[in-house]
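# Coordinates in review
What follows is each chain in one-letter form.
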Amino acid sequence: MPGMHPLVRNLYKRAIIVGKDYPHPDGLEYVRRKWKKALRDPENCQLVVDPNPDNATANENKNERIIRKAVGRGRYVIREMEGTIQLKKYRTMRRRYGEGVDVTGETNRIGKSLYDMFK
């Protein structure tokens with residue numbers, strides 16, 4: 001039985017590294033479970049199996065293309081995970097430190113104080 005393709009192994013390692021900060025109550029364990037399930041699911045990457053040895057090189061080329069295409073989809077998912085993590089961090093920082101100066105509220109406060117001063 002052949003081992004895991006190097007591109008797939010690298011993809012899984014990237015997913016685990018990104019998954020350390022994933023905003024879910026289970027965090028890394030959740031990401032690990034989901035990725036293992038996705039990598040083991042034959043529906044995500046259906047390789048060509050032909051018992052005829054004459055088509056071996058053609059099948060290897062087809063399988064390589066199928067694997068690379070599936071790895072491309074996996075990289076897209078990792079980028080989406082990174083975006084989710086960045087959004088969570090941004091929202092946490094905004095909640096923790098506020099949204100900055102409220103221009104409309106500040107303008108109303110200054111206008112009211114000027115009105116009260118010249119009254």
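Residues numbered from 1 in each chain as written. Predicted model: local features only at pLDDT ≥ 70, side-chain atom pairs only at ≥ 80, totals over all residues. Heavy atoms only, no water.

In this section: the pattern of salt bridges. Applying the stated criterion to the full structure yields four salt bridges. Its salt-bridge partner being Arg-68, residue Glu-64 comes within 3.2 Å of it at the nearest N-O pair. Here the residue Glu-64 and the residue Arg-68 both occupy positions in helix 3 (residues 56-97), the gap between them amounting to four residues, near one helical turn. (Salt bridge = Lys/Arg side-chain N within 4 Å of Asp/Glu carboxyl O. Helix = DSSP H or I, 4+ residues; strand = E, 2+ residues; numbered from the N terminus.)

It helps to recall that an α-helix has 3.6 residues per turn; residues three or four apart then point in one direction. Spanning 14 residues, helix 1 (residues 6-19) covers 20 Å between terminal C-alpha atoms, matching the ideal 20 Å at 1.5 Å per step. Taken together, the buried positions of helix 1 are Val-8, Leu-11, Tyr-12, Ala-15, Ile-16, Val-18 and Gly-19. Viewed end-on, helix 1 has its buried residues packed into an arc of 165°, placing them on one side of the element. Exposed and facing more than 90 degrees away from the buried side of helix 1 are Pro-6, Lys-13 and Ile-17. Along its buried surface, helix 1 packs onto helix 2 (28-40) and helix 3. (Expected span 1.5 Å × (residues − 1). Buried < 20%, exposed > 50% of the residue type's maximum accessible area, 1.4 Å probe, protein only. Arc of directions from axis to C-beta. Contact = heavy atoms within 4.5 Å.)

Counting ten residues, the largest nonpolar core consists of Leu-11, Tyr-12, Ala-15, Ile-16, Val-18, Val-31, Trp-35, Ile-78, Met-81 and Ile-85. At the level of elements, helix 1, helix 2 and helix 3 are the ones that each hand at least two residues to this core. By residue number, the principal contributor to this core is helix 1, which donates five residues. Excluding anything up to four places from it in sequence, Ile-78 contacts Leu-11, Arg-14, Ala-15, Val-18 and Trp-35. (Core = buried A, V, L, I, M, F, W, Y, C linked by side-chain atoms within 4.5 Å.)

This next bit is on a positive patch on the surface. Residues Lys-88, Arg-91, Arg-94, Arg-95 and Arg-96 make up a contiguous surface patch of positive charge. The exposed category is assigned to Arg-96, whose relative accessible area is 54%. (Patch = residues over 30% accessible without salt bridge, like charges linked within 9 Å, V, L, I, M, F, W, Y side chains within 5 Å. Areas by Shrake-Rupley, 256 points an atom, 1.4 Å probe, with all protein chains shown as cover. Lys, Arg positive; Asp, Glu negative; His and termini not counted. Charge placed at Lys NZ, Arg CZ, Asp CG, Glu CD.)

In the structure shown here, the tally under the stated rule is one aromatic pair. Look at Tyr-22 and Tyr-30: their rings are 6.1 Å apart centre to centre, the planes differ by 15°, and that puts the pair in the stacked class. The exposure class assigned to Tyr-22 is partly exposed, which follows from its relative accessible area of 22%. (Phe/Tyr/Trp six-rings, centres within 6.5 Å; stacked < 30°, edge-to-face > 60°.)

Next up on the list: the confidence of the model for the protein. A low pLDDT means the predicted coordinates there should not be read in detail. Looking at the protein, the pLDDT average stands at 85 and 93% of residues meet or exceed 70. Of all helices and strands in the protein, the one with the weakest mean pLDDT is helix 4 (residues 103-117) (76), whereas helix 1 scores best (94). (pLDDT = per-residue confidence, 0-100.)

Mapped onto the elements, Asn-59 comes out in helix 3. If we ignore the near neighbours within four places in the chain, the residues touching Asn-59 are Val-48 and Asp-50.

Taking 1.5 Å as the rise per residue, helix 3 with 42 residues should run 62 Å; its terminal C-alpha atoms sit 61 Å apart, in good agreement. Taken together, the buried positions of helix 3 are occupied by Asn-59, Asn-63, Ile-67, Ala-70, Val-71, Gly-74, Ile-78, Met-81 and Ile-85. Of the surrounding secondary structure, the elements contacted by the buried residues of helix 3 are helix 1 and helix 2. With its phi angle positive at about 85°, Gly-98 sits one or two positions after the end of helix 3.

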